[in-house]
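Take a look at the letters that make up each chain.
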Amino acid sequence: MDTKKIIIVAAVGLALAACGNKDSSKAALEQAVKSAIAETVGGAPEKVKIYNIEQTGSVTLGEELERRNNAINLRIKKNGEYLVDYKSQGMTKNAAKKEADIAKDRERLAGLEEIAAAHAAQADSVIALIYNLSGEAVNAEGGKVKVDNMYAAVTPDLRVLAFDKDARALLKSTGHAIPGYDGLYSAGGED
C-alpha cells in the first residue's frame, strides 16, 4: 500500500473518530488493519476478514521515550565494552567503528532529550495502541493466510506500525510514533 492510501485511511479514521461514532471509528480501525494485513500477505484489503480485534494495551510518549533512552544507553555501554576489548587487542578498525557508533548514539540521546523537552506536556499521551486480533486473508495467489492471535501496534491516527505473534516484539516499532524519532536514525540503523 502506498503512503497516499495510508494517509487517506488515517484521515477518514480521524474524521470518523471526531464525529464520536464508536462503531464508525472501529470500522476505520479495522479497515486500517485490513489494509496493513493485505500489504503484508500480498493481497487486497477487501479480501481480509477480521473476526476479532481487542485492545490489550497502550504506549504513552513518556514510556516510549524512556524505553528508547534505556535501549540507547545499553547499546552505548555494550559498545564501550567492545571498544575497550578491541583497543586492548590492537584492533584499530573495529575500535574506530565502535567509537563512531557510540558518538552516533550520544547524538541520538541528545535528540531524544530535545524531543522529550519539546513534548513534555504530552508525556502522558498515548502514541500507540496494542491490539490482539484474529482473522484471515487471501493473498494474490488465492491462498488463505490465517491471522490467529496476532498483535498489532496502531497509532491513534490509524497508522499500523507492526504485526507480530509476540506483543513485546511490537515495541521494536513503537518508536516510530515518537514525533521526530525517525530523523534520529535517518543516517543509521534501527535499534
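None of the values given here were measured: they were computed from a predicted structure.

What about the overall build of the protein chain?
Logical step 1: A tally of helices and strands in the protein chain yields five helices and four strands.
Logical step 2: Starting at the N terminus, the α and β elements of the protein chain follow one another as α-α-β-α-α-β-β-β-α.
Logical step 3: Looking at the protein chain residue by residue over its 191 residues, the buried ones come to 35%.
Logical step 4: Across the protein chain, contacts joining residues at least 24 apart in sequence account for 60% of those joining residues at least 6 apart.
Logical step 5: Approximately 11000 Å² of the protein chain is accessible, and the part contributed by carbon and sulfur atoms is 54%.

Side note on the nonpolar core
Logical step 1: Grouped together as the largest cluster of nonpolar side chains are 24 residues, with contacts concentrated most on Leu65, Ile72, Ile127, Ile130, Leu170 and Ile178.
Logical step 2: Those elements that provide at least two residues to this core are helix H3 (61-88), helix H4 (92-118), strand S2 (126-139), strand S3 (144-154) and strand S4 (160-164).
Logical step 3: In terms of residue count, the dominant contributor to this core is H3 (six residues).
Logical step 4: If you look at the next biggest cluster of nonpolar residues, it comprises 18 residues, including Leu129, Ala137, Val147 and Val154.

Quick notes on the pattern of salt bridges
Logical step 1: All told, the structure shown has 10 salt bridges when counted by the stated rule.
Logical step 2: The shortest N-O distance in the salt bridge between Lys98 and Asp101 comes to 3.9 Å. Here Lys98 and its partner Asp101 are both found in helix H4, three residues apart, which amounts to about one turn of the helix. Taken individually, Lys98 and Asp101 each receive the classification buried, so the pair is uniform in this respect.

Overview of the pairing of S2
Logical step 1: Of all 14 residues making up S2, 12 are buried, and the element is well covered by its neighbours.
Logical step 2: Of the pairings in the sheet, the one linking strand S1 (residues 43-60) to S2 comprises 12 bridges and is antiparallel in character. In the strand pairing of S2, Gly57 is matched with Ile130.
Logical step 3: In this sheet, S3 lies alongside S2 in antiparallel orientation, the contact comprising nine bridges. When the bridges of S3 are listed, Asn132 appears paired with Tyr151.
Logical step 4: Between S2 and the antiparallel strand that follows it, S3, lie four residues; Gly142 among them carries a positive phi value of about 90°.

Description of H4
Owing to its 3.6 residues per turn, the α-helix aligns residues three or four sequence positions apart on the same side.
Logical step 1: Between the first and last C-alpha of H4 there are 39 Å, a value that for 27 residues agrees with the 39 Å anticipated at 1.5 Å per step.
Logical step 2: Considered for burial, the residues of H4 that qualify are Ala95, Lys98, Asp101, Ile102, Asp105, Arg108, Leu109, Gly111, Leu112 and Ile115.
Logical step 3: Residues of H4 that are buried sit in contact with H3 and helix H5 (181-184).

Some points on the confidence of the model for the protein chain
Predicted coordinates in areas of low pLDDT are best not read in detail.
Logical step 1: Put simply, the protein chain has an average pLDDT of 86, and 85% of its residues get 70 or more.
Logical step 2: Within the protein chain, H3 carries the highest mean pLDDT (97), whereas helix H1 (residues 3-18) carries the lowest (41).
Logical step 3: Confidence drops under a pLDDT of 50 for residues 1-20, and excluding neighbours within four residues, the segment shows 16 contacts in the predicted structure.

Some points on the sheet that holds S3
Logical step 1: Strands sit in the order S1-S2-S3-S4 across an open sheet of four strands; the sheet is antiparallel. Every other strand in the sheet has two partners, leaving S1 and S4 as the edge strands with one partner each. Adjacent strand axes in the sheet meet at a mean angle of 30°, parallel and antiparallel pairs treated alike.
Logical step 2: The pairing of S3 with S4 spans four bridges and is antiparallel. Paired with Ala152 across the bridge in S4 is Phe163.

Re the environment of Glu107
Logical step 1: Relative to the assigned elements, Glu107 resides in helix H4.
Logical step 2: Given a relative accessible area of 59%, Glu107 falls into the exposed group.
Logical step 3: As for Glu107 and Leu184, which are separated by 77 residues in sequence, their C-alpha atoms are 8.1 Å apart.

What counts and how
Residues numbered from 1 in each chain as written. Predicted model: local features only at pLDDT ≥ 70, side-chain atom pairs only at ≥ 80, totals over all residues. Heavy atoms only, no water. Helix = DSSP H or I, 4+ residues; strand = E, 2+ residues; numbered from the N terminus. Buried < 20%, exposed > 50% of the residue type's maximum accessible area, 1.4 Å probe, protein only. Contact = heavy atoms within 4.5 Å. Areas by Shrake-Rupley, 256 points an atom, 1.4 Å probe, with all protein chains shown as cover. Core = buried A, V, L, I, M, F, W, Y, C linked by side-chain atoms within 4.5 Å. Salt bridge = Lys/Arg side-chain N within 4 Å of Asp/Glu carboxyl O. Pairing = 2+ DSSP bridges. Expected span 1.5 Å × (residues − 1). pLDDT = per-residue confidence, 0-100. Axes fitted to C-alpha atoms, helices over the stretch in contact; angles between N-to-C directions.

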